[in-house]
Amino acid sequence: MSRFSPAEAAERLASGLLSFPVTHFRDDLSFDEAAYRDNIGWLSGFGATGLFAAGGTGEFFSLTPAEVESVVTAAVQEVPADIPVIAPAGYGTATAVELARAAERAGADGVLLLPPYLTEAPQEGLVEHVRAVCAATDLGLIIYSRANAVYADTTVERLAEECPNLIGFKDGVGDIEKMTRIYSRVGDRLTYVGGLPTAETFALPYLEMGMTTYSSAMYNFVPEFAVRFYNAVRERDRVAVYRYLNEFVLPYCDIRNRSAGYAVSIVKAGMRAIGRPAGPVRAPLVDLDETELAMLTELIDRVPEAGA
C-alpha cells in the first residue's frame with residue numbers, strides 16, 4: 001500500500017531534487033539486489049525528495065516486467081518513509097496497465113508513464129493510452145513527453161481534466177514554446193518535472209515556466225554537487241549556476257555526447273569512478289571505454305565546490 005496519496009506525492013516531488021538511481025547488475029547482467037539496496041540507502045542521505053526506481057537511468061527498457069517489480073519492491077523497502085517511490089510503466093497499453101498494477105502491489109507511491117514502444121501514435125491514441133493506465137491504478141501518474149509520445153498542450157489539458165490521478169508532466173523534449181503553452185493551459189494542476197538528458201542544462205530557464213524540479217542522473221555519483229546545483233537554481237543564483245555549468249556540467253555533456261546511449265552509460269561510469277560500481281549496462285547500450293572513463297574520473301576529481 002502506498003504511503004502517499006497522489007496529491008501528497010505530487011507536492012513532495014515538487015519540493016526538491018529527484019533521484020533516478022541506476023539499476024545494479026552483476027557481471028552476468030543479472031539484477032544485483034543487495035548492491036542496489038545498499039545504494040538506495042546511501043543516496044537517501046543527500047536530500048532528494050523523490051526516487052524513481054527502474055526509470056530511464058535505471059534501464060527500464062532493458063528489464064523484464066518481473067525485474068521491474070523486483071527493483072521497485074527493493075526501493076520501497078529501503079527508502080526512508082518521507083521519500084515517495086515512483087515506479088515505471090511503458091510499452092503498449094496492456095503492458096503499461098500491468099506494470100502500473102505491479103507498482104501498486106510493490107508499494108510504490110506513483111507511476112511514471114514512459115512512451116509506448118516503437119509505434120507512433122496520434123494525440124487521441126495517447127489520450128486513450130493514458131486514460132487506461134490511470135484507470136488501472138489509484139496511484140498518481142506522471143506522463144513522460146518524449147520520443148513517440150510528445151503530448152500537445154490541448155492533450156495535456158484534456159487529460160488533466162479527465163484523469164483525477166494524473167499528477168505530473170515530465171518533459172523530455174526541450175520545446176520552450178510547448179512548455180509555455182502547457183503551463184498556460186494547466187497551471188499548477190500538475191507537477192512539472194524536467195526530464196531531458198542532463199536536465200541541469202535546462203533547469204534555470206525551465207524554472208521560470210513553473211518547473212520546480214528535475215530528474216538528476218548525476219545525483220547518482222556526485223549527489224552533494226547535484227543538490228548544490230539544484231539549490232543555486234531555486235535561489236536563481238545565476239553566477240553559481242553558470243559556473244557549475246562551465247566547470248562541470250557542460251564538460252560532462254561533452255563526454256556524454258560521444259556516443260548514442262551514453263546518457264545512461266556515463267552514469268554507471270560515474271558510479272565506477274567514485275568507487276561504488278553498479279556493474280555494466282545491458283545491450284543495446286555500451287559502456288564507456290577506458291579513455292572516456294579516465295576523462296570522466298578526472299572531471300569528477302575536480303567537481304566545483306561551493307563558493308570556490
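Keep in mind that what you see is a predicted model, and the values were worked out from it rather than measured. Counting starts from 1 at the beginning of each chain's written sequence and moves along it residue by residue. Only residues with pLDDT of at least 70 are given local features in this predicted model, and only at 80 or more are side-chain atom pairs given and counted; all residues enter the totals for whole chains, interfaces and linings. In computing side-chain values, all of the structure's heavy atoms are included and hydrogens and water are not.

Colleague: Just checking my understanding: could you explain the overall build of the protein chain for this structure?
Modeller: For the purposes of this entry, the term helix denotes a DSSP run of H or I that reaches at least four residues, the term strand denotes a run of E that reaches at least two, and both are numbered from the N terminus. Along the protein chain, the regular secondary structure elements total twelve helices and eight strands. A principal-axis box enclosing the C-alpha atoms of the protein chain has dimensions of 50 × 45 × 35 Å. Of all 308 residues assigned to the protein chain, the portion counted as buried reaches 56%. In the form shown here, the protein chain has an accessible surface area of approximately 12400 Å², with 52% of it arising from carbon and sulfur atoms. In the protein chain, 26 positive and 41 negative side-chain charges are present, and the distance between their average locations comes to 2 Å. The buried label applies to any residue whose accessible area, calculated with a 1.4 Å probe on protein chains only, is under 20% of its type's maximum; exposed applies above 50%, and partly exposed to all values in between. Working definition of accessibility: Shrake-Rupley area with a 1.4 Å probe, residue cover restricted to the visible protein chains. The convention is simple: Lys and Arg are positive, Asp and Glu are negative, and His and the chain ends are not counted. Lysine's charge is taken at NZ, arginine's at CZ, aspartate's at CG and glutamate's at CD.

Colleague: What is the right way to read the pairing of strand S6 (residues 166–171) from this model?
Modeller: Two faces, one strand: in a regular strand the side chains alternate between the faces of the sheet. Within S6, six of the six residues are buried, which leaves it mostly tucked inside the rest of the structure. Two strands pair under a simple rule: DSSP has to find at least two bridges between them. Summarising the sheet, strand S5 (residues 140–145) and S6 pair through five bridges and their orientation is parallel. Bridge assignment links Ser 145 to a residue of S6, and that residue is Asp 171. On the question of chirality, the crossover connecting S5 to the parallel S6 by way of helix H6 (residues 153–162) is right-handed. Pairing of S6 with strand S7 (residues 191–194), which is carried by four bridges, proceeds in the parallel orientation. Across the sheet, residue Phe 169 finds its bridge partner in S7, namely Tyr 192. A right-handed crossover is one whose linking path, passing over the helix from the first strand to the second, runs clockwise when the strands point away from the viewer. One crossover worth recording links S6 to the parallel S7 by way of helix H7 (residues 176–186), and it is right-handed.

Colleague: When you look at the nonpolar core in this model, what are you seeing that I'm missing?
Modeller: One recurring pattern in soluble globular proteins: nonpolar side chains tend to sit buried together. Formed by 69 residues in total, the largest nonpolar core has its most connected members in Leu 113, Leu 141, Ile 143, Tyr 151 and Phe 169. Here, residues are in contact when the closest pair of their heavy atoms is within 4.5 Å. Not counting chain neighbours up to four residues away, the residues in contact with Leu 113 comprise Ala 89, Gly 90, Ala 96, His 129, Val 130, Val 133, Leu 141, Ile 142, Ile 143, Tyr 144 and Tyr 151. Among the buried residues, those of types Ala, Val, Leu, Ile, Met, Phe, Trp, Tyr and Cys that are joined through side-chain atoms within 4.5 Å form a nonpolar core.

Colleague: I'm lost on the side chain of Asn 148 in this one. Help?
Modeller: Mapping Asn 148 onto the fold places it in the loop between S5 and H6. A polar side-chain atom of Asn 148 sits 2.9 Å from the main-chain carbonyl oxygen of Thr 119. Excluding its chain neighbours within four sequence positions, the residues that come into contact with Asn 148 are Pro 115, Pro 116, Tyr 117, Leu 118, Thr 119, Glu 120, Ala 121 and Leu 126. Here a polar contact is recorded for every N or O atom pair within 3.5 Å, except that within protein the pair must consist of a potential hydrogen donor and a potential acceptor, and residues adjacent in sequence are included only if both atoms are side-chain atoms.

Colleague: Explain the UniProt feature "active site" (unreviewed entry) in the protein chain to me, please; I cannot follow it from the model alone.
Modeller: The UniProt record annotates "active site" (unreviewed entry) at Tyr 144 and Lys 170. These annotated residues cover 27 residues of sequence, and their C-alpha atoms all fall within 4.6 Å of one another, placing them together at a single site. Relative to the elements of secondary structure, Tyr 144 occurs in strand S5. Ignoring anything within four residues of it in the chain, the contact list for Tyr 144 reads Leu 112, Leu 113, Leu 114, Pro 115, Ala 149, Tyr 151, Lys 170, Asp 171, Gly 172 and Gly 195. Inspection of the secondary structure puts Lys 170 in strand S6. UniProt positions are given in the numbering used here, feature names are shortened, and annotations may be inferred rather than shown by experiment.

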